[in-house]
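Chain by chain, the residues run as shown.
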Amino acid sequence: MLNIILFGPPGAGKGTQSERLIEKYGLCHISTGDIFRWHTKNDTELGQKVKEIMDSGQLVSDDITIAMLKHEVEKNPEAKGFLFDGFPRTVDQAKALDNLMESMGTKIHSVIELKVTEEEVRQRIAKRKQLENRADDASDKLDRRINEYFNKTVHVLPFYEEQGRLATVNGIGDIEEISKEIDKKVSALEV
């Protein structure tokens, strides 16, 4: 089983690169953002809570997020592996994810960081907002999400780096070249 976390700020290209990794390695994609959007779109009880939190630009609490991830992982017992996108955002979440993987007899093999500047992120999201008009791309919410990443979430990376599980890829440039760099990192993993 191959388990990877794709890490980067909003607009770093995680969605695009996730699709490529899923196709190549047959991974089950678990995106907290997608899970949250599904629940809000389907107006589940959890979705109503998540919508209120997301609409304010805040992060969904660890207990809600971890419960949803556990449910998603358990729904896919025959998966070749998992690609986590948008999670973890704190060291406590990273530890909880490690515990979840360990309970399944596996682990997170690598965290691939898409390194992108804040300026680049803002330009990409401005374009995405015109195309998709996502509620979480509104400027006030976007500012909170970007600040949250660069001031808080990014501090999860040393946790993985200390364990030798962090691989950094330049997320600015040609999509194909970025994909090739990510593939080199994944191919080098010992699973």
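Note: the structure precedes this text.
In short, a report on the structure.

Analysis parameters
- Residues numbered from 1 in each chain as written.
- Predicted model: local features only at pLDDT ≥ 70, side-chain atom pairs only at ≥ 80, totals over all residues.
- Heavy atoms only, no water.
- Helix = DSSP H or I, 4+ residues; strand = E, 2+ residues; numbered from the N terminus.
- Rg over C-alpha atoms; globule rule 2.2 N^0.38 Å.
- Buried < 20%, exposed > 50% of the residue type's maximum accessible area, 1.4 Å probe, protein only.
- Contact = heavy atoms within 4.5 Å.
- Areas by Shrake-Rupley, 256 points an atom, 1.4 Å probe, with all protein chains shown as cover.
- Lys, Arg positive; Asp, Glu negative; His and termini not counted.
- Charge placed at Lys NZ, Arg CZ, Asp CG, Glu CD.
- Pairing = 2+ DSSP bridges.
- Axes fitted to C-alpha atoms, helices over the stretch in contact; angles between N-to-C directions.

Considerations on the overall build of the chain
A tally of regular secondary structure across the chain gives nine helices and five strands. Computed over its C-alpha atoms, the radius of gyration of the chain comes to 16 Å, within 12% of the 16 Å expected for a compact globule of 191 residues. By principal-axis analysis of the C-alpha atoms, the chain measures approximately 40 × 40 × 30 Å. Among the 191 residues that make up the chain, the fraction classed as buried is 44%. When contacts within the chain are restricted to residue pairs at least 6 apart in sequence, those whose partners lie at least 24 apart make up 75%. Split by element, the accessible area of the chain, about 10300 Å² in all, is 48% carbon and sulfur. Charged side chains of the chain number 28 positive and 34 negative; the gap between the two group centres comes to 2 Å.

Thoughts on the sheet that holds strand β5 (residues 166–170)
Pairing is parallel in the open sheet, where five strands are placed in the order β2-β3-β1-β4-β5. Whereas interior strands pair on both sides, the edge strands pair on one side only; in this sheet they are β2 (28–31) and β5. Ignoring strand direction, the axes of neighbouring strands in this sheet form an average angle of 20°. When strand β1 (residues 2–7) meets strand β3 (residues 81–85), the two strands line up parallel, connected through five bridges.

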